[in-house]
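# Summary of the model geometry
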There are 2 protein chains.
Amino acid sequence: MGNETYQDDEELMIADKPAEESARPDDRIDDERLDEENTLKADYVRSVRDALDEGDKSRVYDLVEPLHPADIADLLELFDRDDRHTLAEAITDLMSSDVIAELNDYVREDMMEALPAEAVAQIAEQLDTDDAVQLIEDLDEDDQQAILAELDDEDRVAIESALAYPEETAGRLMSHEVVAVPEHMTVGGLIDFLRENVDLANDFYEVFIVDHKHHPVGTCQLSWILRTPRNIALSDVMKRDQTLIPVSLDQEEVALMFQKYALISAAVVDESGRLVGQMTVDDVVHIISEEASEDALLMSGAGDGDINEPIREAYSSRVTWLIANLGTALIASLIIAYFGAAIEKLVALAILMPIVASIGGNAGTQTMAVAVRAIAMNQLTEANTMRILWRELRVAILNGLTIAVLIGLATGAIFTPMLGAVIALAMVINVVTAGLAGVMVPVIFERLKQDPAVASSVFVTMITDSMGFFAFLGLAVAAGLAN
Amino acid sequence: MGNETYQDDEELMIADKPAEESARPDDRIDDERLDEENTLKADYVRSVRDALDEGDKSRVYDLVEPLHPADIADLLELFDRDDRHTLAEAITDLMSSDVIAELNDYVREDMMEALPAEAVAQIAEQLDTDDAVQLIEDLDEDDQQAILAELDDEDRVAIESALAYPEETAGRLMSHEVVAVPEHMTVGGLIDFLRENVDLANDFYEVFIVDHKHHPVGTCQLSWILRTPRNIALSDVMKRDQTLIPVSLDQEEVALMFQKYALISAAVVDESGRLVGQMTVDDVVHIISEEASEDALLMSGAGDGDINEPIREAYSSRVTWLIANLGTALIASLIIAYFGAAIEKLVALAILMPIVASIGGNAGTQTMAVAVRAIAMNQLTEANTMRILWRELRVAILNGLTIAVLIGLATGAIFTPMLGAVIALAMVINVVTAGLAGVMVPVIFERLKQDPAVASSVFVTMITDSMGFFAFLGLAVAAGLAN
């Protein structure tokens, strides 16, 4: 590393410095304002808040100015709506398009709605097409039209064509700026072309080689180009084996492809195979995180699970879920009611029955979490469903027997041996049922093209609660314990 | 796009083609073997399985040969242990280091244990240091020593230094191969240097500029280098504002930094600030996915949640969880037992009480899922805890009132109006309690430096179950319904 000889070149042109270079000195981890987890320190936030409350706008500006755009976005997200608008007004110059692009969706929507259409259009023009689309796509139809009307023709056309694609598909999310060159071009030709067109694309990691029909025939990573002499044709350097993303592909599938094939960027093609854009891994990283974490939220009915979501939206998605669960709870209650007479005679049944249902519910949730995750990662497919089911069944039997022995002995000691046997057997039945349901319900929903994470939970709970009460109370009655 | 003029260069050297280029024709989406979700088709897998069962090794080889290494890895993961070994033997030539690197951790461990140390060492030598480390780190101490002894000195030293760092830190996961050049080097000097040292690093996206103490002072993206004339010094092009990763940083924090600052790669520095390696986004993508999804699994006690995990490990982590939940269920049972006499008098109490506990449990799980996620994403910090708590409280009150009205009316109609009022009030109390607990329990565990996802669930369930039964039964008794 570090070869120290070099040759002067004849060209004396001074290139423009890249836009991202800042005049700031080395920024290692910013210790004053950020803690070791890279979040804004509470003291620092408090000082900003105090300055805001005192109406000292210049001090607010001075405090915020050294922050990275992503951290300014974090800061804005920490404040509630009104304070946020006040803060934004105090630091107008710092509200660059980078900051806007980094904001949480709900916060950004809220702020855009507060601005006039011309202002939003101005911000949109500074952003890359995909970031501009993200800015506009969640606003009202009317607001969108007003903003589009204020844009330059070029920008408006680009954004409108992106909005023509459905949400959460490659077409909507892709970057329209892509470097595409013909097959016969040489490495030297490419370097010259890039030097003459300095504004071409912001950051790119590979160059796409296309044929006369604008179909991608190969890709060239920049690290290879730099290591190849100028006279070599790109078609000799390029990799022909490429991963192409159809413009209609769902974002979750795009993310999985990026992960599976360890991609940094990939070409997006339309139905006729023409190169229309590219997706880069930094966009995908956002999707991966979102998609991977949403299952936990979906399975509990927490909806978007974003703490910036307006309260009425959080309420409406969560209460819908709770009402669905009310329905399954009522089914369980009907079963208990059926055994009402038995409970009257032996109140120990009422004391013990929630244990069976509760453990069954936990076992079902465990298995469901594993199955939903495996389905999402494309690890549970038609090809191995039976194998996985058999595996989960064996785990469930082991779990069921273990818990059954523990609770059976305790119950036998506190109440009667027969009751101990009854609860032990009911426990095995319920845990095994939970294991089966935890795999099969998500699998069935997947085959029916429904999102397993959303729909399975209600059904799995219904099955485990019902079976729990039915098995325990039923066995107790059958064993003659409630005569 | 596509400037067609170029100049020939004097150099007539033919560069080596990059290793990744294959002789295969254009591979668009492989329709024969992969379905639209990019997973192996069941028919295809069956044909491989049939060939294996018949012992027809050459047909197995022909079927598998066209697959991408990542897909060969998927195929191996679909088979159980014995079949997998048979398959691996049939396709020995295809078992490249790329395939090994793509295997699921458990499957890879299993296969490495079946091979002699020299064979594993051979594979390790072909991998990049970080992939080789991943290969070796989960094996037994003895196996590790045996394999390390078989390696070249250079490789052994690199791997041992990586193993010296704790698991799941930047030091363990980083790539040791990094391009670092001095400040005074020009763009032209860099290009020449890269051309002379073609084997330098596999794929890289930026070049790090270091001072005489090997401290990073800036970075240069390759796309800028290609657009800059040869005579410009790198120190004029580079970005000084850089994100440096301490060698001891936890992998989850690394992943969050990559996401937050939209990084493609980043320099890793040791305690004295020396550049020791780099992390690239394709490594991080794997971590993001893992870390984002593990909360769902942890919160339900599903442990690793990997379907390839050996059964005894899956059993031991899940049953531990179920036993913990048995404990909390017993606490709830004690509360019910306390009100045993009341239940004997009014069996409707036994029929209705699970509803209150169940809805409370769901509401608690929802809130907990949101809070755990927000904590993991660094969105819930000291600076906004009170604000979030207040938000969740308001959502909980709305949810509680809604459910209370529904169940109160239904109960009033089926049983008595007073019972309806009692269950309605108990419902509000329990849902609000669940909302508070769902935020505060994870927050408290976070402050105590424990993983909120693991520990919170047991406590939140304990609180909601206990409060559910206590509020309902207690209010019923207080209202004189069980006299």
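Keep in mind it's a predicted model, so treat the numbers as computed, not measured. (Residues numbered from 1 in each chain as written. Chains lettered and ligands numbered in written order. Predicted model: local features only at pLDDT ≥ 70, side-chain atom pairs only at ≥ 80, totals over all residues. Heavy atoms only, no water.)

## Here's the deal with the UniProt feature "transmembrane region" (unreviewed entry) in chain A
UniProt records the feature "transmembrane region" (unreviewed entry) for residues 319-340, 346-372, 393-415, 421-445 and 457-482 of chain A in the present numbering. Split by type, residues 393-415 of chain A is 96% helix and 0% strand. Its first and last C-alpha atoms lie 31 Å apart. (UniProt positions renumbered as here; feature names shortened; annotations may be inferred. Helix = DSSP H or I, 4+ residues; strand = E, 2+ residues; numbered from the N terminus.)

## Quick word on the pairing of strand E2 (residues 206-210) of chain A
Residue and element names in this part refer to chain A. Of all 5 residues that make up E2, 5 are buried, and the element is covered over most of its length. Burial along E2 is two-sided: the residues Glu206, Phe208 and Val210 and Val207 and Ile209 are all buried. Both strand E1 (residues 180-182) and E2 contribute to a ladder of 3 bridges, which runs parallel. Paired with Ala180 across the two strands is Phe208, which belongs to E2. Sheet analysis places E2 next to strand E3 (residues 216-221), joined by 5 bridges and oriented antiparallel. Opposite Val207, over in E3, you have Cys220 as the bridge partner. Counted along the chain from E2 to the antiparallel partner E3, the turn is 5 residues long, and its residue His214 has a positive phi close to 65°. (Buried < 20%, exposed > 50% of the residue type's maximum accessible area, 1.4 Å probe, protein only. Pairing = 2+ DSSP bridges.)

## Focus: the packing of aromatic side chains
Remark: the centre distance and the inter-plane angle together describe each pair of aromatic rings, the angle taken between the planes. Going through the model one piece at a time under the given rule, you end up with 7 aromatic pairs over all chains. Pairing Tyr205 of chain A with Tyr205 of chain B gives two aromatic rings, centres 6.4 Å apart and planes at 85°, and the pair type is edge-to-face. Residue Tyr205 of chain A is found in the loop between helix H12 (187-196) and E2, and its partner Tyr205 of chain B is found in the loop between helix H12 (187-196) and strand E2 (206-210); the two belong to separate chains. Look at Tyr205 of chain A and you get buried, because its relative accessible area is 7%. (Phe/Tyr/Trp six-rings, centres within 6.5 Å; stacked < 30°, edge-to-face > 60°.)

## Re the domain arrangement of chain A
Many descriptions give the size of an interface as the accessible area lost when the pieces come together. For chain A, the assigned domains are domain 1 (15-172), domain 2 (180-300) and domain 3 (311-478). Look at where the C-alpha atoms of domain 1 of chain A and domain 3 of chain A centre, and you get two points 46 Å apart. (Domains from an automatic or database assignment.)

## Quick notes on the interface of chain A and chain B
Each side of the interface is counted separately: chain A has 169 residues, and chain B has 169 residues. Regarding the contact of chain A and chain B, the summed buried area is about 15,300 Å², with carbon and sulfur atoms giving 61% of it. With a shortest N-O distance of 2.9 Å, Asp74 of chain B and Lys260 of chain A are connected by a salt bridge. Along the contact surface separating chain A from chain B lie 34 residue pairs in polar contact (both at pLDDT 80 or more). Tallying contributions element by element places helix H19 (residues 348-376) of chain A first for the side of chain A that touches chain B, with 16 residues. Taken together, the residues that form the side of chain A that touches chain B break down as 86 nonpolar, 41 polar and 42 charged. (Contact = heavy atoms within 4.5 Å. Buried area = accessible area lost by both parts, 1.4 Å probe. Salt bridge = Lys/Arg side-chain N within 4 Å of Asp/Glu carboxyl O. Polar contact = N/O pair within 3.5 Å; in protein donor to acceptor, adjacent residues only side chain to side chain. Nonpolar A, V, L, I, M, F, W, Y, C, P; charged D, E, K, R; others polar.)

## What about the packing of helix H7 (residues 117-126) of chain B against helix H9 (residues 141-150) of chain B?
All names here are of chain B. Relative orientation of the contacting elements H7 and H9 amounts to 60°, with a least axis distance of 8 Å. At the point where H7 passes H9, the crossing takes the right-handed sense. Contacts from Ala117, Glu118, Val120, Ala121 and Glu125 of H7 reach H9 at Ala146, Ile147 and Glu150. Of the residues in the contact of H7 with H9, the class split is 5 nonpolar, no polar and 3 charged. (Axes fitted to C-alpha atoms, helices over the stretch in contact; angles between N-to-C directions. Left-handed = near helix turned anticlockwise from the far one by under 90°.)

## Topic: the relation of the copies chain A and chain B
Put simply, the second copy of the chain is the first one after a rotation about an axis and a shift along it. At an RMSD of 0.2 Å, chain A and chain B line up after a rotation of 180° and a shift of 0.0 Å along the axis. The superposition of one copy onto the other is thereby described by a two-fold rotation axis. Interface overlap between copies is the fraction of interface residues in one copy that are interface residues in the other; for chain A against chain B it reaches 99%, indicating a shared surface. (Least-squares fit on C-alpha atoms with pLDDT ≥ 70 in both.)

## Some remarks on the sheet that holds strand E4 (residues 244-246) of chain B
All names here are of chain B. Within the open sheet, the 3 strands sit side by side as E4-E5-E6. Their pairing is mixed. Single-partner strands in this sheet number two, and they are E4 and strand E6 (275-280). Pairwise comparison of adjacent strand axes, ignoring direction, gives a mean angle of 35° for this sheet. Bridging between E4 and strand E5 (residues 265-269) involves 3 bridges; their strand directions are parallel. Within E5, the position partnered with Leu244 by the bridge is Ala267.

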